[in-house]
Amino acid sequence: MEAFIELERVEKVFEVRRRTGFLRRERRQVRAVDALSFTVARGEMVGYIGPNGAGKSTTIKMLTGILTPSGGRLRVAGIDPSRERTRLAHRMGVVFGQRTTLWWDLPLIDSYKLMHRMYRIPDARYRENLDRLVEHLDLGELLDVPVRQLSLGQRMRGDIAAALLHDPEVLYLDEPTIGLDVVSKTRVRDFLRELNAERATTVLLTTHDLQDIEQLCSRVMVIDHGRLVYDGALAGLHEAGEGERTLVVDLERELPPIEAPAPARVVRVEGPRQWLAFPASEPAAGLVARIVAEYPLVDLSVREPDIEAVIAKMYADRTDRAVP
Amino acid sequence: MRGASRAVEGVRAYGLIAGMWIRSTMAYRASFVLTVVGNLLLTGLDFVTILLMFSQVDALGGWTLPEVALLYGLSVTAFGIAQLAFGSVASLGGRVRDGSFDTLLVRPVPVLAQVAADRFALRRVGRGVQGVVVLGWALVAVEVDWSVGKVLLVPVTVVCGAVIFSALFVAGGAFQFLAQDAAEVQNAFTYGGTTLLQYPPSVFGRDLVRGVTFVLPLAFVNWVPAAHLLGRPYPLGLPEGAAFAGPLVALVCVLPAAAVWRLGLRSYRSTGS
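### Re the overall build of chain B
Counting secondary structure elements, chain B contains 12 helices and zero strands. Secondary structure elements of chain B, listed N to C terminal, follow the sequence α-α-α-α-α-α-α-α-α-α-α-α. Its C-alpha radius of gyration of 19 Å places chain B within 12% of the 19 Å reference for a compact globule of 273 residues. Along the longest, intermediate and shortest principal axes, the C-alpha atoms of chain B span 55 × 45 × 35 Å. In chain B, buried positions account for 42% of the 273 residues. Pairs at least 24 apart in sequence give 82% of the contacts found in chain B among residues at least 6 apart.

Below is the structure:
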């Protein structure tokens, strides 16, 4: 597969000055991104997650050419973003969840008309793209509304459309569903899935909402303290995070806790219902067979680990190791 | 070559953005006309102040009312053009602070054009119009021994003055990359500068005139060329050709302003703040 985004030991070091006295200042270097390497193929849809301050936004800012890396090699579509910012701008779209790229005081359509000229989008293609985006993102009634009067969800849809008018090859989304209601979230996710499937647009999205990742991304990268701590399928994250699945068992009557083979163990008993935890990496079959053979079973179900808990555990483990 | 094509891109983008703002203002024609008139009257108060002074005295630092009006007209017209074109750069600090500056960097056009054309306010023509009116009256009222050179000197001076003030706006804006609350410092130089130039150099101390000539060469916006037109001695005994040094001085202002802008932008892109 062709590598579309390439990072090779990319670093970003900030110098932070802190006031320690009237005139005294302490200088400290903060490594926001530390020897980060990864590649994203054309057409991939990748989730990029990590706690606040992990380096997600800094990475996006380097990919878009806003920030210049302190070290390493970074290429998007073969272009060095910091050196050829405007050339790359024609080929990428960016949506910042926290702030709009639209002109705040003007009707939505004015922003689009300006983008049309600014990006030199051919007339026919502009009209075609605008029609399609207006339809898919349900913007028809919002076009004449000043951006500042739009709700967060409406504005986000407006921003996504603005980022896609010029048919970018790559779309960066920084927290695209932050603050959106369920309906808006669903609409945005549906749209992104379609975009990726139909246009093969490469998508990199950062998010705090793991449902975004579950529903959209086949690949997830986890960053913490500026380093990549996980890169792979979402399913694999469970194992990497040493997550546990839960087997919920309904017995015929109240019984003492089931004697399960380690490492499986009963974590909760409530009347005839018992909860058993076992490693996510192990198949449930053995455990189930054993219970069926030895206990009066009525019903059972397996619950996947809560991914948020898995990631929280992942961060916690790393922090424990970092601070001996 | 690359610089030239970027400049063309910048001018094009400026036109696009400013055009959008003008169209949006024109949606409310009556309100637009009112704000222009208001702007005209408000900025005209400066000239009313001068008129009031002349109701008490016959000359200010040895300069008559039409002569002071010539200074005023040249300075205010040049400043009006610069403020209309680059005044928005003064709000750069706010954009850096609230993070919206990042959104300018992901667009395929030069950042300076975007910042300068942002919220392009055509109502600001009020100041320039008022300056032109005063300048027109002054040119008729002053006693000048007109020659081709002197006639040409007037528009050249206005353009060069506008460039000098624009450079000041850009440099001041670039300074806000480092100190985001520095808008007031910038105002002191831009608005302060134009107010200063409304009065003859002879009313100011020698050191101030020196500073305004050699450090921040505002003297070339009007003092020196006006002295030439009126056949008055130049401030600080500058050589005869100084009146025609405007284009050179403007260039000398633009180069460091452009350098400071680039430096500020580079610093922003390396620190993200």
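### Focus on the interface of chain B and chain A
Between chain B and chain A, the residue contacts involve 18 residues of the former and 22 residues of the latter. Of all the elements in the fold, those that place two or more residues in the side of chain B that touches chain A are helix 1 (2-26), helix 5 (101-105) and helix 12 (246-271) of chain B. If one sorts the elements of the side of chain B that touches chain A by residue count, helix 1 of chain B sits on top with five residues. Looking at the side of chain B that touches chain A residue by residue, the class counts come to eight nonpolar, seven polar and three charged.

### Re the nonpolar core
One finds Ile164 and Val170 of chain B to be the most contacted residues of the largest nonpolar core, which totals 142 residues. Setting aside chain neighbours within four positions, we find Val170 of chain B in contact with Phe86, Val89, Leu112, Ala257 and Trp261 of chain B.

### As for the sheet that holds strand 6 (residues 170-174) of chain A
Residue and element names in this part refer to chain A. The mixed open sheet is built from six strands, whose spatial order is 5-6-7-3-8-9. Each of the sheet's edge strands pairs with one partner strand only, and the pair in question is strand 5 (92-96) and strand 9 (227-233). Taken pair by pair, the neighbouring strands of this sheet meet at an average axis angle of 15°, ignoring direction. Along the sheet, helix 1 (residues 56-63) contacts strand 3 (45-49), strand 6, strand 7 (202-206) and strand 8 (219-224); its crossing angle with strand 6, the most-contacted strand, is approximately 150°. In the packing of helix 5 (residues 152-164) onto the sheet, contacts are made with strand 5 and strand 6, and the angle to strand 5 comes to roughly 165°.

### Overview of the sheet that holds strand 11 (residues 265-270) of chain A
Residues and elements named next belong to chain A. The sheet built from four strands is open, its strands ordered 11-12-10-13 with antiparallel pairing. Each having just a single partner strand, strand 11 and strand 13 (297-303) make up the two edges of the open sheet. Each strand of the sheet is rotated relative to its neighbour by a mean of 20°, with strand direction disregarded. The pairing of strand 10 (residues 244-251) with strand 13 spans six bridges and is antiparallel. In the strand pairing of strand 13, Val248 is matched with Ser301.

### Side note on the packing of helix 8 (residues 148-178) of chain B against helix 9 (residues 183-196) of chain B
All names here are of chain B. Put simply, helix 8 and helix 9 touch, their axes get as near as 9 Å, and they point 170° apart. In this view, helix 8 runs roughly antiparallel relative to helix 9, as classed from their interaxial angle. Residues Phe165, Leu168, Phe169, Gly172, Phe175 and Gln176 of helix 8 pack against Ala183, Gln186, Phe189, Thr190 and Gly193 of helix 9. Along the lines of polarity and charge, the residues of the contact of helix 8 with helix 9 split into six nonpolar, five polar and no charged.

### Some details on helix 7 (residues 125-141) of chain B
Over its 17 residues, helix 7 of chain B runs 24 Å from end to end, which matches the ideal 24 Å to within 8%, given 1.5 Å per residue. In this fold, the buried residues of helix 7 of chain B make contact with helix 2 (29-54) and helix 3 (65-86) of chain B.

### Here's the deal with the environment of Arg125 of chain A
All names here are of chain A. You can see Arg125 is positioned in helix 4 (residues 123-136). Given 13 C-beta atoms within a 10 Å radius, Arg125 is considered partly exposed. For Arg125 and Asp167, which are 42 residues apart along the polypeptide, the C-alpha to C-alpha distance reads 9.0 Å.

### Some points on the environment of Asp190 of chain A
Residue and element names in this part refer to chain A. The residue Asp190 is located in helix 6 (residues 182-199) in this model. Look at Asp190 and you get partly exposed, because 14 C-beta atoms sit within 10 Å. For the pair Asp190 and Glu254, spaced 64 residues apart in the sequence, the C-alpha separation amounts to 45 Å.

### Quick word on the pairing of strand 11 of chain A
Successive residues of a regular strand alternate their side chains across the two faces of the sheet. Residue and element names in this part refer to chain A. Here strand 11 lies mainly on the outside; zero of its six residues are buried. Two strands pair when backbone bridges link them, and strand 11 and strand 12 (residues 273-279) are joined in this way by five bridges, in the antiparallel orientation. Residue pairing for strand 12: Val269 is matched across the bridge by Gln274. What sits between strand 11 and strand 12 in their antiparallel hairpin is a turn of two residues, with Gly271 showing a positive phi close to 60°.

### A short note on the environment of Thr202 of chain A
Residue and element names in this part refer to chain A. Tracing the backbone through its elements, the reader meets Thr202 in strand 7. In the structure, Thr202 is positioned 110 residues away from Met92 in sequence and 9.5 Å away in space, judged by C-alpha atoms. Here Thr202 is in contact with Phe4, Val40, Arg42, Gly43, Glu44, Glu169 and Val170, once residues within four sequence places are set aside.

### With respect to unusual backbone geometry
Most peptide bonds take the trans form, and the phi angle of most residues other than glycine is negative. Residues and elements named next belong to chain A. The backbone phi angle of Arg120 is positive, close to 55°, even though this residue is not glycine. Inspection of the secondary structure assignment puts Arg120 in the loop between helix 3 (108-118) and helix 4. What makes Arg120 exposed here is the crowd of 11 C-beta atoms within 10 Å.

### Comments concerning the domain arrangement of chain A
For chain A, the domain assignment lists domain 1 (3-238) and domain 2 (244-304). Distance from the C-alpha centre of domain 1 of chain A to the C-alpha centre of domain 2 of chain A: 43 Å.

### Overview of the confidence of the model for chain B
Residues and elements named next belong to chain B. Considering every residue of chain B, the mean pLDDT works out to 91; 99% of them sit at 70 or more. Looking at the elements of chain B, mean pLDDT is at its lowest for helix 9, recorded as 86, and at its highest for helix 3, recorded as 96. Per the prediction output, this complex has pTM 0.84; the corresponding ipTM is 0.85.

### Re helix 12 of chain B
All names here are of chain B. Spanning 26 residues, helix 12 covers 37 Å between terminal C-alpha atoms, matching the ideal 38 Å at 1.5 Å per step. Listing the buried residues of helix 12 in full gives Gly246, Val249, Ala250, Cys253, Ala257, Trp261, Gly264 and Tyr268. Of the surrounding secondary structure, the elements contacted by the buried residues of helix 12 are helix 4 (92-98), helix 6 (111-117), helix 8 and helix 11 (223-230).

Conventions and cut-offs
Residues numbered from 1 in each chain as written. Chains lettered and ligands numbered in written order. Predicted model: local features only at pLDDT ≥ 70, side-chain atom pairs only at ≥ 80, totals over all residues. Helix = DSSP H or I, 4+ residues; strand = E, 2+ residues; numbered from the N terminus. Rg over C-alpha atoms; globule rule 2.2 N^0.38 Å. Buried ≥ 20, exposed ≤ 12 C-beta atoms within 10 Å, placed from the backbone. Contact = placed C-beta atoms within 7 Å. Nonpolar A, V, L, I, M, F, W, Y, C, P; charged D, E, K, R; others polar. Core = buried A, V, L, I, M, F, W, Y, C linked by C-beta atoms within 7 Å. Pairing = 2+ DSSP bridges. Axes fitted to C-alpha atoms, helices over the stretch in contact; angles between N-to-C directions. Parallel < 35°, antiparallel > 145°, perpendicular 65-115°, else oblique. Expected span 1.5 Å × (residues − 1). Domains from an automatic or database assignment. pLDDT = per-residue confidence, 0-100.

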